[in-house]
Amino acid sequence: MQIAKSTFIRPGSNATYGMVAVALSFFVFAYSSRFGQASILAYYGLWFPLVLIGYRSTLGNYQKQLWLFAFGVFTCLSIFWSAVPSITARAAIQYMTHIICALIAMRTLDIRTLTRGGIAGVGLVLLYSILFGYYAYDPLDGTYSFVGAFDSKNQLGFYASLGIYFAFAAVFILGERRIWLLGGGIAGLLSAYCLLASQSATSVLTTGLVVVLSIGMRGILFLSPRQRKRLFVVLAVTGLAVAVAGVNFGGVDLVLGAFGKDSTLTGRTYLWQQGIEAIWQHPFFGVGYQAYWVQGFSEPERLWDEFYIASRAGFHFHNTFIETTVETGLIGVCLLVAILLTAVIGHIKRFLSDIRNDESYVLLGVATLLLIRAFVEIDILNPYHVGSFLFYFTAGKLTMKTRAPKAAPLIPDDRMEFTPSMNWEPRISR
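What this report covers is the structure whose coordinates are included nearby. Please read all numbers here as calculations on a predicted model, not as lab measurements. (Residues numbered from 1 in each chain as written. Predicted model: local features only at pLDDT ≥ 70, side-chain atom pairs only at ≥ 80, totals over all residues. Heavy atoms only, no water.)

1. Focus: the overall build of the chain
And step 1. When helices and strands are counted, the chain shows 18 helices and 2 strands.
And step 2. Looking at the chain as a whole, 49% of its 430 residues qualify as buried.
And step 3. When contacts within the chain are restricted to residue pairs at least 6 apart in sequence, those whose partners lie at least 24 apart make up 76%.
And step 4. Approximately 21,400 Å² of the chain is accessible, and the part contributed by carbon and sulfur atoms is 66%. (Helix = DSSP H or I, 4+ residues; strand = E, 2+ residues; numbered from the N terminus. Buried < 20%, exposed > 50% of the residue type's maximum accessible area, 1.4 Å probe, protein only. Contact = heavy atoms within 4.5 Å. Areas by Shrake-Rupley, 256 points an atom, 1.4 Å probe, with all protein chains shown as cover.)

2. Some points on the packing of aromatic side chains
And step 1. Tallying each qualifying case throughout the model produces 37 aromatic pairs.
And step 2. Both rings, one in Phe-391 and one in Tyr-392, keep their centres 4.8 Å apart while their planes meet at 65 degrees; by these two values the pair is edge-to-face.
And step 3. Of the residues examined, Phe-391 reaches a relative accessible area of 1% and is grouped as buried.
And step 4. For Tyr-392, a relative accessible area of 0% gives the class buried.
And step 5. Each member of the aromatic cluster is reached from another via a ring pair, and the members are Phe-26, Phe-29, Tyr-43, Tyr-44, Trp-47, Phe-48, Tyr-384 and Phe-389.
And step 6. The ring of Phe-172 has Arg-218 lying over it, and the distance from NZ or CZ to the ring centre is 4.8 Å. (Phe/Tyr/Trp six-rings, centres within 6.5 Å; stacked < 30°, edge-to-face > 60°. Lys NZ or Arg CZ within 6 Å of the ring centre and 35° of its normal.)

3. Some points on the nonpolar core
And step 1. Ranked by size, the top nonpolar core spans 96 residues in total, and within it Phe-26, Tyr-43, Trp-47, Tyr-159, Phe-389, Leu-390 and Tyr-392 carry the most contacts.
And step 2. Here the element with the most residues in this core is helix α9 (residues 153-173); it accounts for 12 residues.
And step 3. Ignoring sequence-local partners within four residues, the contact set of Phe-26 consists of Gly-118, Gly-121, Val-122, Val-125, Tyr-159, Phe-166, Val-386, Phe-389 and Leu-390.
And step 4. Grouped together as the second largest cluster of nonpolar side chains are 17 residues, Ala-278, Val-287, Phe-315 and Ile-322 included. (Core = buried A, V, L, I, M, F, W, Y, C linked by side-chain atoms within 4.5 Å.)

4. What about the environment of Ser-86?
And step 1. With respect to the element layout, Ser-86 can be found in helix α7 (residues 85-108).
And step 2. According to the relative accessible area criterion, Ser-86 is exposed, its value standing at 54%.
And step 3. Sequence separation between Ser-86 and Ala-291 is 205 residues, and the spatial gap between their C-alpha atoms is 9.2 Å.

5. What about the packing of helix α2 (residues 15-35) against helix α8 (residues 111-132)?
And step 1. At a minimum axis distance of 7 Å, the contact between α2 and α8 shows a crossing angle of 35 degrees. When the axes of α2 and α8 are compared, the crossing they make is right-handed. For the pair α2 and α8, contact is made by Ala-15, Gly-18, Met-19, Val-22, Ala-23, Phe-26, Phe-27, Ala-30, Tyr-31, Arg-34 and Phe-35 and by Thr-113, Leu-114, Arg-116, Gly-117, Gly-118, Ala-120, Gly-121, Val-122, Leu-124, Val-125, Tyr-128 and Ser-129, respectively.
And step 2. A breakdown of the residues in the contact of α2 with α8 according to their chemical character gives 15 nonpolar, 6 polar and 2 charged. (Axes fitted to C-alpha atoms, helices over the stretch in contact; angles between N-to-C directions. Left-handed = near helix turned anticlockwise from the far one by under 90°. Nonpolar A, V, L, I, M, F, W, Y, C, P; charged D, E, K, R; others polar.)

6. A few points about the pattern of salt bridges
Opposite charge on two side chains makes pairing possible when the charged atoms of those side chains draw close.
And step 1. The full count for this structure, using the stated rule, is 10 salt bridges.
And step 2. In this structure, Arg-268 engages Glu-377 in a salt bridge whose closest nitrogen and oxygen atoms are separated by 3.1 Å. Highlighted residues: Arg-268 in helix α14 (residues 268-279) and Glu-377 in the loop between α17 (358-373) and α18 (386-396), separated in sequence by 109 residues.
And step 3. Assessed through its relative accessible area of 10%, Arg-268 is described here as buried.
And step 4. The buried category is assigned to Glu-377, whose relative accessible area is 2%.
And step 5. A salt bridge links Glu-359 to Arg-350; the nearest nitrogen and oxygen atoms lie 4.0 Å apart. Residues Glu-359 and Arg-350 agree in their burial class; the two are buried.
And step 6. Salt bridges here are not isolated pairs; linked through shared partners, they connect Arg-112, Arg-116 and Glu-176. (Salt bridge = Lys/Arg side-chain N within 4 Å of Asp/Glu carboxyl O.)

7. A closer look at α9
And step 1. For α9, with 21 residues, the first-to-last C-alpha span of 29 Å sits near the 30 Å given by 1.5 Å per residue.
And step 2. Within α9, 18 of the 21 residues are buried, which leaves it mostly tucked inside the rest of the structure.
And step 3. Residue Ser-152 occupies the N-cap position of α9, its side-chain oxygen lying 3.2 Å from the main-chain nitrogen of Asn-154.
And step 4. Among the residues trailing α9, Gly-175 stands out with phi positive, at a value near 70 degrees. (Expected span 1.5 Å × (residues − 1). Polar contact = N/O pair within 3.5 Å; in protein donor to acceptor, adjacent residues only side chain to side chain.)

8. Observations concerning the environment of Tyr-144
And step 1. Topologically, Tyr-144 is positioned in strand β2 (residues 143-148).
And step 2. According to the relative accessible area criterion, Tyr-144 is exposed, its value standing at 54%.
And step 3. In this structure, the C-alpha to C-alpha distance between Tyr-144 and Ser-198, residues 54 residues apart in sequence, is 8.9 Å.
And step 4. Those residues in contact with Tyr-144 that lie beyond four places of it in its chain are Ala-136, Tyr-137 and Gln-199.

9. Structural notes on the packing of α8 against α9
And step 1. Remark: α8 packs on α9, axes separated minimally by 9 Å, with the N-to-C direction vectors making an angle of 145 degrees. Helix-helix and strand crossings are classified by hand; for α8 and α9 the assignment is left-handed. Along its contact with α8, which presents Thr-115, Gly-118, Ile-119, Val-122, Val-125, Leu-126 and Ser-129, the element α9 presents Leu-156, Tyr-159, Ala-160, Leu-162, Gly-163, Phe-166, Ala-167 and Ala-170.

10. Points about the side chain of Glu-359
And step 1. On the secondary structure map, Glu-359 appears in helix α17.
And step 2. Residues in contact with Glu-359, not counting those within four places in the same chain, are Ile-111, Arg-350 and Lys-397.

11. A look at unusual backbone geometry
And step 1. Phi is positive for Gln-290, close to 55 degrees, though the residue is something other than glycine.
And step 2. As for its placement among the helices and strands, Gln-290 is situated in the loop between α14 and α15 (298-306).
And step 3. By relative accessible area, Gln-290 is classed as partly exposed at 25%.
And step 4. Positive phi, close to 55 degrees, is recorded for Arg-312, a residue that is not glycine.

12. Here's the deal with a nonpolar patch on the surface
And step 1. A surface patch of nonpolar side chains, amounting to about 780 Å² of accessible area, comprises Val-73, Leu-77, Phe-80, Trp-81, Phe-284, Phe-285, Leu-330 and Ile-331.
And step 2. Along the chain, Phe-284 turns up in the loop between α14 and α15.
And step 3. Taking the relative accessible area as the measure of exposure, Phe-284 reaches 52% and is therefore exposed. (Patch = residues over 30% accessible without salt bridge, like charges linked within 9 Å, V, L, I, M, F, W, Y side chains within 5 Å.)

In structure tokens form, the structure reads like this:
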């Protein structure tokens, strides 16, 4: 019995395998710390064997993808000046292989398969957290919140955000019906429950903002590409002006107060200050990838103690840009930010230029979510993390040609001929 290669590597034809692979990958990302190395090997086993089935389809032309590896390569180079070379070497290799897996997934999955797999994966992750999770006390704000099977409510909140967004995208953007309409509804309800129980203001605000933006973008589809671009510029400038005004007139404090937070963001502003001070000690190259939060070093030990981190692990500056600069310097953060901005701007261009591009419509929401969260979390900086997987998947799609049709010319041409499949009478060419 022979199984066609398309069952595994052809986008659209490999829907079953792709959904299972994405769902299991999400589960591994969430709980690899619980299940250990075996889960990581299972994750590699989902993607690397596809190269053996069809290396040309799964790898593509890597000359067009070199920019996607820029930051990953720099993390490997940081071994030479790292404060702890052994830790940096291991983490950098893990990050590079993680990038490769994300790009293999990018070339073998279409957007519908990713969305369905995301719904199934998030549903599986949240169901496990509901069954085996617990509530934890936060000594900084004096509250109890549901953290699920994670060590942080923010991670639970992030998966809940993804669950709500993928459920929204499946129904509102991709027009799913029947079983996936039901599946999206169930995943959305689970996500909403976990999002509220986690009391993660970051996740609630970012999820609401991205969903509202995606709904607003739906109206742009009724305009021509040229009109879309003009309207988008107007809305972007207006939105920026409103945001600046809100910051200057106390709008941020008002929003935070609604969630029971103060202007320090539960100590994050102090953390950012400490991170900026650490940057000035090694401004250009940093201390080495993942070489700052190391047990035995005085500064991280002090911060762990001040923030009641008894495990002395799994902590960070709660800002992607500060964390990246501390570890890889100004060079590293520029490389990472360049990829992030390219992903956002690239999908904006495709969404505005194509008549209908559901792929960029969905991925633009993902990229926007990651961009907003980058100011308060580090979702795209670590290996075996759902954020970094989606980050490189989203950016990598820009290296592939879009299948969306371009806008047809509005000026009629008398020389136009019609195919026999049309119900019109063919016009004789002049």
